[in-house]
Amino acid sequence: MKALLLYPIFPQSFWSYDRFMEIAGLKAVIPPLGIITVAALLPKDWEIRFFDRNVEPETEADWNWCDVVILSAMLVQKPDFLGLIRKAVEMGKKVAVGGPYPTSVPEDALDSGADYLILDEGEMTVPLFIEALAKNQAKGIFRSPEKPDVTSSPCPRFDLLNRDAYFMMAVQFSRGCPFNCEFCDIISLYGRKSRTKEPIQLLAELESLYDLGWRGSIFMVDDNFIGNMRNVKLFLRELIPWMKQHNYPFTFITEASVNLAEDDELLELMVEAGFYSVFLGIETPDQDSLEMTRKQQNTRNSLSQACRKINQAGLLIYAGFIIGFDGERTGAGERIQAFVEQTNIPQPMLGILQALPNTALWDRLKQEKRLNETVALSDQNNLMNFVPSRPLSEIAQEYVEGIWKIYEPSSYFRRSFEQCLNLGLQPKQRQKMKFPLGKGLRIVSQIIWLQGFRRSQTRLQFWQQLWTIVVKKPQVLNIYLGLCAAGEHFWEYRTLARKRITEQLGYDPLQNA
């Protein structure tokens, strides 16, 4: 078999960091871990060509060469994903699809003409697809109610990547999350049991990246890295000596639930192992909304104190926030803004709630006849796909005001500065966040020019804060400069988010405030 593996284009979004990528001379933030893991599951005698279309497009010669086209996608990649299916059909190529989007909404891929749907987790369903091909089956939908033992998952095909085009590499330790948040589709996709790889298994993946020459940041893409605290501690205790033996080639970032703050030992192990940052699903400071959406783990202790503790332990905090929960009181956006300013979270991801297929929220709203399935699902600043419990115009206005004020340049600079100054530095901790030399020099020169000279409104603030960081805390200089560079993306993104909401409402929420 000659298989053409394609990863569709991401439109501009919160996570695309377009302007930052341009400044750094890169193409994408992280590689698609799912499809290069699928590549490792394919028969060894298959010929494989892989293209991440966010990095480099395939050619017509690649399309003509292949027997089968294999695609993987998330919901946000819908336009390019469906377009690629249709192109394959037009060219008479067999097309197989998988990933979170077709797993949640298989109808879209079927309607576009996909021949094979390799759904759920690939360790279970890729072998079914290969068996179907061997039997000359023209079509098939392959599903598995069982979750795979991830200790049998192969090492991803990192060798297929144009690694120099990415800001970070990606690995995965666990799948699943023990919590039961109503709006989250992770538990419907991967279950509530946190299944983990063996420490030696993940160390082999890191060794593979090391041998391929990667030096820099790695995103541990687990949806909740600390879902299985016992196993994650076992892994970290083996990662620490590996990092020392290899002279600390990597730094790590991951996602975790906020109860991370409740475990001092886990915080210490993460920092010693080279973790410099964590993304927390805070969602809202409103306790009644957290209880309504079943996010009980965020109600046990003060969220602001938890952020402070994690920050002081040595981890930079990113966080997600949502507006639009049922029963939400007027002013939720302003309360999120106040929380962000209080905790100095530099890059809060603020979004409007959408009900995702197969979640408890989706099921409840469908039963209540409140779903509006004509609204396209995505994270592209779309309005809600259900009837909210307070006026939609009010929610939209609070969202646009929130993202506009949170990413006002002077406020963003201040939070970045304060978060870096408050980062605790442990005696065993190495320099935080690494850039390969060439990328680092390019970022520094671009930021000095853009923010130290061109941006007149915050020029003085930039120089004052930069000098203070250099004098007081040089260990976090790379993090601070990285945040400064990312600011260029978010100042553009807030304008795009405002434009998208304005188009949907028919008026500008800020002008009608």
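Scroll up to find the structure this text is about.
Residues numbered from 1 in each chain as written. Predicted model: local features only at pLDDT ≥ 70, side-chain atom pairs only at ≥ 80, totals over all residues. Heavy atoms only, no water.

Trainee: When you look at the packing of aromatic side chains in this model, what are you seeing that I'm missing?
Mentor: Ring pairs (aromatic) are described by centroid distance and by the angle formed between their planes. Inspection of the entire model under this criterion finds 31 aromatic pairs. Summarising the aromatic geometry, the rings of Phe-14 and Phe-490 are spaced 4.8 Å apart at their centres and angled 50 degrees between planes, so their arrangement reads as tilted. One end of the pair, Phe-14, is in the loop between β1 (2-7) and α1 (18-24); the other, Phe-490, is in helix α20 (residues 477-505), with 476 residues separating them in the sequence. Ring centres of Phe-225 and Phe-275 lie 5.2 Å apart, and the angle between their planes is 35 degrees; this geometry places the pair in the tilted category. Taken together, the positions of Phe-225 in the loop between β10 (216-220) and α10 (229-245) and Phe-275 in strand β12 (residues 275-283) put the pair 50 residues apart, joining distant regions of the chain. Phe-275 carries the same exposure label as Phe-225, and that label is buried. One cation-aromatic arrangement involves Arg-415 over Tyr-407; the distance from NZ or CZ to the ring centre is 6.0 Å. A cation sits over an aromatic face here: Arg-494 above Trp-404, 3.9 Å from the ring centre. (Phe/Tyr/Trp six-rings, centres within 6.5 Å; stacked < 30°, edge-to-face > 60°. Helix = DSSP H or I, 4+ residues; strand = E, 2+ residues; numbered from the N terminus. Buried < 20%, exposed > 50% of the residue type's maximum accessible area, 1.4 Å probe, protein only. Lys NZ or Arg CZ within 6 Å of the ring centre and 35° of its normal.)

Trainee: Quick question: what am I supposed to make of the environment of Gln-337 here?
Mentor: Among the structural elements, Gln-337 can be located in helix α14 (residues 332-343). Residues Gln-337 and Arg-237, 100 residues apart in the sequence, show an inter-C-alpha distance of 38 Å.

Trainee: Is there a simple way to explain helix α4 (residues 78-90) in this structure?
Mentor: Structural remark: α-helix, 3.6 residues per turn; residues separated by three or four positions point the same way. In this model, α4 (13 residues) spans 18 Å end to end at C-alpha, consistent with the 18 Å of a helix rising 1.5 Å per residue. For α4, the set of buried residues is Asp-80, Phe-81, Leu-82, Leu-84, Ile-85 and Ala-88. Residues of α4 that are buried make contact with β1, α3 (60-65), β3 (68-72), β4 (94-98), α5 (100-104) and α6 (106-112). A positive backbone phi angle near 75 degrees is found at Gly-92, which sits one or two residues after α4. (Expected span 1.5 Å × (residues − 1). Contact = heavy atoms within 4.5 Å.)

Trainee: How do you make sense of the nonpolar core when you look at a structure like this?
Mentor: It is characteristic of soluble globular proteins that their nonpolar side chains tend to be buried jointly. Grouped together as the largest cluster of nonpolar side chains are 144 residues, with contacts concentrated most on Phe-129, Phe-225, Leu-236, Leu-239, Leu-260, Phe-275 and Tyr-399. Take this core: its biggest share by element is twelve residues, from α20. In contact with Leu-239, other than residues within four places in its own chain, are Leu-203, Leu-206, Phe-252, Ala-273 and Phe-275. One finds Leu-6, Phe-51, Trp-65 and Leu-119 within the second-largest nonpolar core, a separate group that totals 22 residues. (Core = buried A, V, L, I, M, F, W, Y, C linked by side-chain atoms within 4.5 Å.)

Trainee: I'm lost on the packing of helix α19 (residues 459-472) against α20 in this one. Help?
Mentor: When two helices pack together, their arrangement is given by the angle between their axes and by how far apart the axes lie. With their axes 10 Å apart at the nearest point, α19 and α20 run at an angle of 160 degrees to one another. One finds that α19 runs roughly antiparallel with respect to α20. Judged by the twist between their axes, the crossing of α19 over α20 is right-handed. Two secondary-structure elements touch here, α19 through Phe-462, Gln-465, Leu-466, Ile-469 and Val-470 and α20 through Leu-477, Tyr-480, Leu-481 and Cys-484. Tallied by class, residues from the contact of α19 with α20 come to eight nonpolar, one polar and no charged. (Axes fitted to C-alpha atoms, helices over the stretch in contact; angles between N-to-C directions. Parallel < 35°, antiparallel > 145°, perpendicular 65-115°, else oblique. Left-handed = near helix turned anticlockwise from the far one by under 90°. Nonpolar A, V, L, I, M, F, W, Y, C, P; charged D, E, K, R; others polar.)

Trainee: Please clarify how the pairing of β4 should be interpreted in this entry.
Mentor: Residues in a regular strand project their side chains so that they alternate between the two faces of the sheet. Where burial is concerned, most of β4 is hidden: four out of the five residues are buried. A crossover links β3 with its parallel partner β4, the connecting element being α4, and its sense is right-handed. One ladder, built from three bridges, connects β4 with strand β5 (residues 116-118); its direction is parallel. Residue Gly-98 lies in a different strand from β5, and its bridge partner there is Ile-118. (Right-handed = clockwise from strand over helix to strand, strands pointing away. Pairing = 2+ DSSP bridges.)

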